[in-house]
Amino acid sequence: MARNTTDTVRRTTLYRLIDTELNEAALQSALVDYYANSPDFTLELTQIEQLPAITAWGIMGKKNQADWCATFKSLTGKNAKVSNVAAAGAILIAIPGGPYAITYGMGHLLIDPSRIDPGFGLSFSIRSVEPDYIRQITRNIMDSRARVDRSSVAGGQSIRGFGIEYYGEIVSRLAGTLGTVSMTFNRSKSRKVTIAAADSLKIPLGTRPADLIGDLKEITRVSDTASPVPELGFIDQIRALKSSNKKVSELEDRLSAALASNDGSPLALTLPAECEEHEHAAHSYRIKIASDRFEVIEDLDISAVLDRLSRLSPNKKLEALRAGYIQICSDASGQEKASRQVKAHKWLAFEAPLDSDHYFYHQGRWFEVGDNYLNFLRNRLDEVFARKPSIALTKWKSEWQDEETYNFEAAKLIPGAVCLDRRRIHTKLHPHGIEGCDIIGPQNELIHVKRASSSAPLSHLFAQGWTSIDALRSDREARNKLLERVRERSLKHPYDPATKPKKLIYGIAIKRDATVSRANLFTFSQVALMRAINALENADVDVEVVPIPQ
């Protein structure tokens, strides 16, 4: 008689361990010391199908009264003698392809976070779930203010239905229907189950030793040898690193070394997302780094940061950036604060290869980028840069020190164009104001110009262009306000607020670089540009990237 599948499997949380050898001592070292040595927990060595394993179980939580008991008694006079406790259990198995840790209850807290294989669950899921039956997606937007978007569909739908932008959106959790695998739950009868994946994997596993080991071997096979489902392969190509990831320490050593080298390469300053709306108001900066007092400076570049770190030892520099801040001010004396104080390390951009992989530091976080992602991104952007511009932008002369001067002079050399630099438009939807464009071309082309000290700040330019197009296409008030700005400078320009913009041009110059190409953009600037291009082209807007000669 066939066994009841529901009796032979249990939905379980599974982790894969890293930096852990396949022996009992190594398995024990993967447990958090506090719990491994606590009298409230029991640790025992065992074997599962002749494989070394360790079991750990116990109670965690308060032994005394719960912290709300005093308030409860004050309000009611009743002395509630209760405490908070939680059961926790874990089984660590030294199986080839692992080791693996299975946790129950609060058992995940028993595992040393630095030993958890980051993204293991996602890696398995993108190789095993059915792309047309995705139930939940959690994604992080790289260049927003730490925005996290969670989308759920009860019955599942195609991955395409979630509207994921493949550039600059990082999928951190996925739930969907498991496809064709050979595991205990479907051995005797075809059965559909939903799995949830992030660093861990929530999946039905066999409850008998032989079944469990067979399931773990199948999970290893899929994770290590199967190719990602084509529709889901992009998920594996860019990921945010958790602070517990062992590579973070190595990367931060490289960052500290770069800070100590004092040559600025491959370092740059970039504008934090939370300061983007205040950039137009910047006339000075309050900067407090490695000091008890802030200073006010007019120009902010990487040397201003490195100079203030020069007195510190290399291992103290990054710490000083995390403790210090930079703040935008709207006056030259630094009295009128335009932004809040933003930790100085969030202004920093850095890129580094490590163990044949590519990483970058942006907005205070580390990201890993896969080779396939980079190659596709680079090829796509090379094609964009190779397009012949419809409007030529004049050379940036050395006597033109600021963007306003360049835009005014460049507009004069484009027949029918009008300079609108610093002429922001304010609407109900955009009370802080947006820049419609720096120059409006003779056929209503919106031209956005940026001359940056490095390629790092350009991500703001790309986001700015998309913001202006989005506002002008969706908000008639914005188009009418843009008409007012045009008429302040020209009565002849043919701009019509009834017509939505159809072309956007990014004009780019980088100080000390005679020419600009995809190759001299920081990786995250390339990601930001690709996100903007995709969004614009999806809105039926033509995009051009025009390097400005110097």
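For every chain, the first residue of the written sequence is number 1, and numbering continues from 1 along that sequence. Restriction of local features to residues with pLDDT of at least 70 applies here, the model being predicted, together with a cutoff of 80 or more for giving and counting side-chain atom pairs; totals for whole chains, interfaces and linings are based on all residues. Side-chain measures here rest on the full set of heavy atoms in the structure, leaving out hydrogens and waters.

**Q** Describe the overall build of the protein chain, with residues and values.
**A** A run of DSSP states H or I qualifies as a helix once it reaches four residues; a run of E qualifies as a strand once it reaches two. Both are numbered from the N-terminal end. Helix and strand content of the protein chain: 14 helices and 24 strands. Its C-alpha atoms give the protein chain principal-axis dimensions of about 85 × 55 × 55 Å. The 550 residues of the protein chain split such that 52% are buried. Note on definitions: a residue-residue contact is assigned when non-hydrogen atoms from the two residues lie within 4.5 Å. In the protein chain, once contacts between residues fewer than 6 apart in sequence are set aside, the share between residues at least 24 apart is 68%. All accessible-area figures derive from a Shrake-Rupley calculation using a 1.4 Å probe, and residue coverage is judged against the displayed protein chains alone. Carbon and sulfur atoms make up 48% of the accessible area of the protein chain, which amounts to about 25,700 Å² in all. For the purpose of charge, His is not counted, nor are the chain termini; Lys and Arg are scored as positive and Asp and Glu as negative. Charge positions come from single atoms, namely NZ of Lys, CZ of Arg, CG of Asp or CD of Glu. The centroid of the 72 positive side-chain charges in the protein chain is displaced by 5 Å from the centroid of its 68 negative side-chain charges. In this scheme, a residue with accessible area under 20% of its type's maximum is buried, one over 50% is exposed, and one in between is partly exposed, where area comes from a 1.4 Å probe on protein chains only.

**Q** How would you sum up the packing of aromatic side chains? Please name residues and give values.
**A** Each Phe, Tyr or Trp ring, with Trp reduced to its six-membered ring, pairs with another whose centre is within 6.5 Å; inter-plane angles below 30 degrees give stacked pairs, above 60 give edge-to-face pairs, and intermediate values give tilted ones. In the structure shown here, the tally under the stated rule is eleven aromatic pairs. Arranged with centres 5.0 Å apart and planes meeting at 85 degrees, the rings of Tyr34 and Tyr35 form a pair that is edge-to-face. The class of Tyr34 is exposed, set by a relative accessible area of 61%. Classification of Tyr35 as buried rests on a relative accessible area of 18%. Relative to Trp366, the ring of Tyr361 lies with its centre 4.9 Å away and its plane at 55 degrees, an arrangement referred to as tilted. The pair Tyr361 / Trp366 is uniform in exposure class, with both members buried. One aromatic cluster is present, formed by Tyr34, Tyr35 and Phe41 through successive ring pairs.

**Q** Talk me through the environment of Ala417; I want residue IDs and the actual numbers.
**A** Along the chain, Ala417 turns up in the loop between helix 11 (403–412) and strand 20 (418–419). As for Ala417 and Asn245, which are separated by 172 residues in sequence, their C-alpha atoms are 52 Å apart. Here Ala417 is in contact with Ala411, Ile439, Ile440, Gly441 and Pro442, once residues within four sequence places are set aside.

**Q** Account for the pattern of salt bridges, with residues named and values stated.
**A** When a carboxyl oxygen of Asp or Glu is within 4 Å of a side-chain nitrogen of Lys or Arg, the pair counts as a salt bridge. For the structure on display, the rule yields 24 salt bridges. Glu409 is paired through a salt bridge with Lys412; the nearest N and O atoms lie 3.2 Å apart. With a gap of three residues between them, Glu409 and Lys412 both fall in helix 11, about one helical turn apart. By relative accessible area, which is 22% here, Glu409 ends up partly exposed.

**Q** Tell me about the packing of helix 7 (residues 246–261) against helix 9 (residues 314–323), and please be specific about residues and values.
**A** Axes here refer to lines fitted to C-alpha atoms; in helices the fit is confined to the stretch in contact. Angles between the N-to-C directions go from 0 to 180 degrees. Contact pair helix 7 / helix 9: the axes reach a minimum separation of 8 Å and the direction vectors enclose 95 degrees. On the basis of the axis angle, helix 7 is roughly perpendicular to helix 9. Residues Glu252, Leu255, Ser256, Leu259 and Ala260 of helix 7 form the contact with helix 9, whose own contacting residues are Pro314, Lys317, Leu318, Leu321 and Arg322. Each residue receives one of three labels: charged for Asp, Glu, Lys and Arg, nonpolar for Ala, Val, Leu, Ile, Met, Phe, Trp, Tyr, Cys and Pro, and polar for the others, Gly being one of them. Here the contact of helix 7 with helix 9 is built from residues that sort into six nonpolar, one polar and three charged. When describing relative orientation, an angle under 35 degrees is termed roughly parallel and one over 145 degrees roughly antiparallel, while 65 to 115 degrees is termed roughly perpendicular and anything else oblique.

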